[in-house]
Amino acid sequence: MVLLLGSVAMLAGFPASRILSRLYYQDGGQSIWLLAWTAVAGWPITVVALLPFYMKRAMAPTQLTISLMVAYAILGFSSALDNLLFAWAYLYLPASTASLISASALPFTAIFAYFILGKKISAPTFNAIGVITAASAVLAIDSDADRPPGVSNSEYALGFILDVAASALHGLIFVLSERIFIKYVGRESVHVILEQQAIVSLIGFAFTTIGVIASADFSKMVSEAEVFSQGSVSYYMVLVWSAITIQVGLLGSVAVMYSASAVLAGVLNSVVVPVTTIAAVLSLQDPIDGFKILSLILTGWGFGSYIYGGYSRSQSSESVALSEPLIQETNIHLFPDARGSQYVSQTSS
C-alpha cells in the first residue's frame, strides 16, 4: 500500500506542480518571485513527515555542525536561485516544452558528478547525455510552432536558455548534495534525506521570501487575484496547490525508496516527463507536433539508457535491487525532479 501511494503521489504531484506553474502565468499571474516562492513554501510538510522518525523510531536528528550549516546555506541559496530560474522560464515556455527541456538536468548531473565526485561516465550514461541533448535541440528547432500567445521570439529564446541554465544548476546542486553527504554526514537514509530536504527548503524559503518582499509581490497578490481569468479563489488555489503538489511528489519519492528502492523511484521520476507533457497537452492545450513527439521519444530513450546503466551497475555490485528497500541503507545519490531544487534519489551510474 505504501508503494502504491508513493507511486501515485510521484506521478500526480510532480506533473501537477509543473502544470500549475504554467497555469499561473496563463491565467494572468505575473510574479516570478511568487511562483519561485511556492516551490519551497510547503517545507513544513516535510517537517511533519519527519516527526514519526523522531517520535516513534527514536531516531536522533543529524548533528548540525558549522560546516554542515554553511554547506546547507549554500545549497539553500542555490535552491532559491534555481527555483527563480525555473519560474522565469515557465513565463515564456509551455509546460510540456519546459518539462522536456528540464530533462537536460540528467546529463548535467552526470557531467558534474564526473568532475566533482570522480564518478565515471558509463556507455549508457554517455548515450543518455547525447540523446537528451538532441531532444532539447529538436525543441529549439521547432520554436516557431511552440510559442505561447503573446511571447516573442526573443522571450521564447530567453525561456529556453533559462530552463537549460536552471537544469544545469539543478545538476550541480544534487552533485554538491551528495558531496555534503560524503564529507559531513557520512550516511544516507530516509530520515537524513528528509532532514536535508527540510533544512535546504527552509533556507531557500527564507531567501525567496526576501525576494518577494523586496519586489513587493506580496502586496500585488490582491490585484493579481482580481484580474485572474478563473477568479480570485482559483488564483489562491493555484498558488496553494502549487506548493502542496511538489511536496506530495517529493514525499512520494521517499515512500517509494523506503518500500522498494532508489531504482524504482528513478524509473517513476523518468515517467514524470511524458506524463507532464501529455497532461499539459490535454489540460492546457499545449501545442504538439512531430518535433515535440520526437523530442519526447528521445527523452524517454535517454532516461531509459541512464536507468539501464544504473541498474546494471547496481546489480553487478549488489548494492541495490528493485526488491531491496532503502531502509537497508542502499548506496544512492540525489537526483533532481526537474521542476525546482528538490530531492529525488537515483542509483549511481
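Residues numbered from 1 in each chain as written. Predicted model: local features only at pLDDT ≥ 70, side-chain atom pairs only at ≥ 80, totals over all residues. Heavy atoms only, no water.

As recorded in an unreviewed UniProt entry, the protein chain goes by Probable purine permease and comes from Ceratopteris richardii. UniProt's Subcellular location (unreviewed entry) comment on the protein chain is quoted here verbatim: "Membrane". (UniProt positions renumbered as here; feature names shortened; annotations may be inferred.)

Enquirer: Help me understand the packing of aromatic side chains in this model?
Expert: For any pair of aromatic rings, the description consists of the separation of the ring centres together with the inter-plane angle of the planes. Using the criterion set out here, one finds nine aromatic pairs in the structure. A centroid spacing of 5.3 Å and a plane angle of 70° characterise the contact between phenylalanine 228 and tyrosine 235, whose relative ring orientation is edge-to-face. A residue is classified by how much of its surface remains accessible, and phenylalanine 228, at 4% relative accessible area, is buried. Under the relative-accessibility criterion, tyrosine 235 is labelled buried at 0%. Linked through ring pairs, Tyr24, Tyr25, Phe228, Tyr235 and Tyr236 together constitute an aromatic cluster. (Phe/Tyr/Trp six-rings, centres within 6.5 Å; stacked < 30°, edge-to-face > 60°. Buried < 20%, exposed > 50% of the residue type's maximum accessible area, 1.4 Å probe, protein only.)

Enquirer: Help me understand the layout of surface pockets, please; the structure alone is not making it clear to me.
Expert: If a probe the size of a water molecule is rolled over the atoms, the empty space left behind becomes visible. Of the voids in this model, the second largest pocket is the one considered here, and its volume is about 170 Å³. Around the second largest pocket sit 10 residues that line it, and Ala49, Phe53, Leu194, Leu251 and Val254 are the ones nearest its centre. Put simply, the parts of the chain that give the lining of the second largest pocket at least two residues each are α3 (43-55), α9 (190-214) and α11 (232-259). No other element matches the four residues that α11 contributes to the lining of the second largest pocket. A breakdown of the residues in the lining of the second largest pocket according to their chemical character gives nine nonpolar, no polar and one charged. (1 Å grid on protein atoms, 1.4 Å probe; cavity = no way out; pocket = protein on both sides within 12 Å on 5 of 7 lines; lining within 4 Å. Points joined across faces, edges and corners; volume = space filled by probe spheres on them. Helix = DSSP H or I, 4+ residues; strand = E, 2+ residues; numbered from the N terminus. Nonpolar A, V, L, I, M, F, W, Y, C, P; charged D, E, K, R; others polar.)

Enquirer: Can you help me understand the nonpolar core in this one?
Expert: General note: in soluble globular proteins, nonpolar side chains tend to be found buried as a group. Counting residues in each nonpolar core, the largest one holds 60 residues, and the members touching the most others are Tyr24, Tyr25, Leu34, Tyr72 and Tyr235. Looking at this core, the element that brings in the most residues is helix α4 (residues 66-92), giving 12 residues. Excluding residues that lie within four positions of it along the chain, tyrosine 72 makes contacts with Leu64, Ile180, Val185, Gln196, Ile199, Val200 and Ile203. The next biggest cluster of nonpolar side chains, apart from the first, holds seven residues, and it includes Phe14, Leu250, Val256 and Leu268. (Core = buried A, V, L, I, M, F, W, Y, C linked by side-chain atoms within 4.5 Å. Contact = heavy atoms within 4.5 Å.)

Enquirer: Got a minute to help me understand unusual backbone geometry in this structure?
Expert: Backbone geometry at alanine 216 places phi at a positive 60°, although glycine is not the residue there. As for its placement among the helices and strands, alanine 216 is situated in the loop between α9 and α10 (221-227). Residue classification places alanine 216 among the partly exposed positions, given a relative accessible area of 33%.

Enquirer: Is there a simple way to explain a nonpolar patch on the surface in this structure?
Expert: A grouping of Ile111, Tyr114, Phe115, Ile116, Ile121 and Phe126 is seen on the molecular surface, where their side chains present a nonpolar patch of about 600 Å² in accessible area. A per-element tally of the nonpolar patch places helix α6 (residues 105-117) first, with four residues. Considering the arrangement of structural elements, one finds tyrosine 114 in helix α6. (Patch = residues over 30% accessible without salt bridge, like charges linked within 9 Å, V, L, I, M, F, W, Y side chains within 5 Å. Areas by Shrake-Rupley, 256 points an atom, 1.4 Å probe, with all protein chains shown as cover. Salt bridge = Lys/Arg side-chain N within 4 Å of Asp/Glu carboxyl O.)

Enquirer: Would you mind showing me how to read helix α1 (residues 2-26) here?
Expert: Owing to its 3.6 residues per turn, the α-helix brings residues three or four apart onto one side. With 25 residues, α1 ought to run about 36 Å at 1.5 Å a step, and its terminal C-alpha atoms sit 35 Å apart, in line with that. Backbone geometry just downstream of α1 places glycine 28 in the positive-phi region, at approximately 125°. (Expected span 1.5 Å × (residues − 1).)

Enquirer: Could you clarify how one ought to interpret the pattern of salt bridges in this entry?
Expert: Pairs may arise between side chains of opposite charge once their charged atoms sit close together. Scanning the model with the defined rule gives two salt bridges in all. The salt bridge involving lysine 119 is made with glutamate 178; its shortest N-O contact spans 2.8 Å. Here glutamate 178 lies in helix α8 (residues 153-185) and lysine 119 lies in the loop between α6 and α7 (123-141), a separation of 59 residues in the sequence. For the pair lysine 119 and glutamate 178, a shared accessibility class is recorded, and that class is buried. In this structure, lysine 220 and aspartate 217 form a salt bridge, with 3.6 Å as the shortest nitrogen-oxygen distance.

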